[in-house]
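Fold and geometry: a report
Read off the chains here:
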Amino acid sequence: MEAALKRELGTSVLRPAGHSGGGCISHGESFHTDHGRLYVKSNARPEARRMFDGEMASLTAILQTHTVKAPKPMKVIDLPEGGALLVMEHLDMRGLNRHSEKLGSQLADLHLHNQKLGDRLKKDANTVGKGEEHSDIQFVEKFGFHTVTCCGYLPQVNEWQQDWVTFYARQRIQPQMDMIEKNSGDREARELWAKLQLKIPSLFGDMEIIPALLHGDLWGGNVAEDDSGPIIFDPAAFYGHSEYELAIAGMFGGFSGSFYSAYHSKIPKAPGFDKRLKLYQLFHYMNHWNHFGGGYRGSSINIMKNLVK
């Protein structure tokens, strides 16, 4: 790993900086280099390149909105022995605490960014020329993302769709159900999903959903802060419904009341929010079922049972 890093980064210095970490999927470590301190994530899986390419694209998209801080990605490197590395800037992060409210506000800004671009486009429709503020990122009118991203190590189907309900059913829940079917042939899950598919449109009524750039995996382990404010990392980004973001945030804790108050002061809860939140949590419970086994089956089944009532 060290030889590949030195070669690809063009650095003669590569010295561990004493900061290491990582979750259930990848390992991370900081290094002193000729370019300053860098943070390197490593993963030995054959699909690591796809996973890190998606994370790099996700971080880049989030940073282009200038709404919330995230580590700046630099490079994905293939390892000769298999697997890959993701190199990014090192940030001195600590647990989210005093900047929780600010994160709620900035997350709402991230979610509203695309909508504001759209509003500006309508306003400027009769204006000749293009302002500088348009140069970084373009308005997105569909749901999806320009590349594959991974929630954990499993790939997400991000093909562009005009309709959010179709996108969510076909490209989030269905692939998870297919994996469950393949791995366990769970008949109860299959039958409940057949019923729930028919019910999903009724959970949305006549809502207008404008695609929002999402972090995609915003649980308490993927947020932090430094002296300047909150930081989000390890994204699995795509353009989707802003409510989706709050599903996994609510599953494992780590977010204070001030976070939610600040968020909802900018994006108020729409009618039916709580039921849709359960629908969005279903994806994450099924994704955990497919990553970590049947311990998450009960939660997945219970959500489907409650939603088809």
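Criteria and cut-off values
Residues numbered from 1 in each chain as written. Predicted model: local features only at pLDDT ≥ 70, side-chain atom pairs only at ≥ 80, totals over all residues. Heavy atoms only, no water. Domains from an automatic or database assignment. Contact = heavy atoms within 4.5 Å. Buried area = accessible area lost by both parts, 1.4 Å probe. Salt bridge = Lys/Arg side-chain N within 4 Å of Asp/Glu carboxyl O. Helix = DSSP H or I, 4+ residues; strand = E, 2+ residues; numbered from the N terminus. Nonpolar A, V, L, I, M, F, W, Y, C, P; charged D, E, K, R; others polar. Phe/Tyr/Trp six-rings, centres within 6.5 Å; stacked < 30°, edge-to-face > 60°. Buried < 20%, exposed > 50% of the residue type's maximum accessible area, 1.4 Å probe, protein only. Lys NZ or Arg CZ within 6 Å of the ring centre and 35° of its normal.

Some points on the domain arrangement of the chain
- Assigned domains within the chain: domain 1 (13-93) and domain 2 (95-128 + 137-308).
- Facing 24 residues of domain 1, the contacting portion of domain 2 comprises 31 residues.
- With both chains or domains summed, domain 1 and domain 2 bury close to 2,200 Å², and 72% of this area falls on carbon and sulfur atoms.
- When the area that domain 1 buries against domain 2 is broken down by residue, the three leading residues are Thr-67, Lys-69 and Met-93, summing to 24%.
- Joining domain 1 to domain 2, the criterion identifies 2 salt bridges.
- Between Asp-226 and Lys-69 there is a salt bridge, with the nearest N and O atoms lying 2.7 Å from each other.
- For the side of domain 1 that touches domain 2, the element with the highest residue contribution is helix α2 (residues 48-64), accounting for 10 residues.
- Among the residues making up the side of domain 1 that touches domain 2, the classes are represented as 12 nonpolar, 5 polar and 7 charged.

Remarks on the packing of aromatic side chains
- Counted by the stated rule, this structure contains 19 aromatic pairs.
- Judged by centre distance (6.4 Å) and plane angle (80 degrees), the ring pair of Trp-219 and Phe-252 falls under edge-to-face. Placement of Trp-219 in the loop between β8 (212-214) and β9 (223-226) and of Phe-252 in the loop between α6 (245-251) and α7 (257-266) is noted, with a sequence separation of 33 residues between them.
- Among the residues examined, Trp-219 registers a relative accessible area of 34% and is labelled partly exposed.
- Look at Phe-252 and you get partly exposed, because its relative accessible area is 38%.
- Taken together through their ring pairs, the aromatic side chains of Phe-143, Trp-164, Phe-167, Tyr-168, Phe-204, Phe-238, Tyr-244, Tyr-280 and Phe-283 make up a single cluster.
- We note Arg-45 situated over the ring of Tyr-153; from NZ or CZ to the ring centre the distance is 3.7 Å.
- For the cation-ring pair, Arg-172 lies above Phe-238, with the distance from its terminal atom to the ring centre recorded as 4.2 Å.

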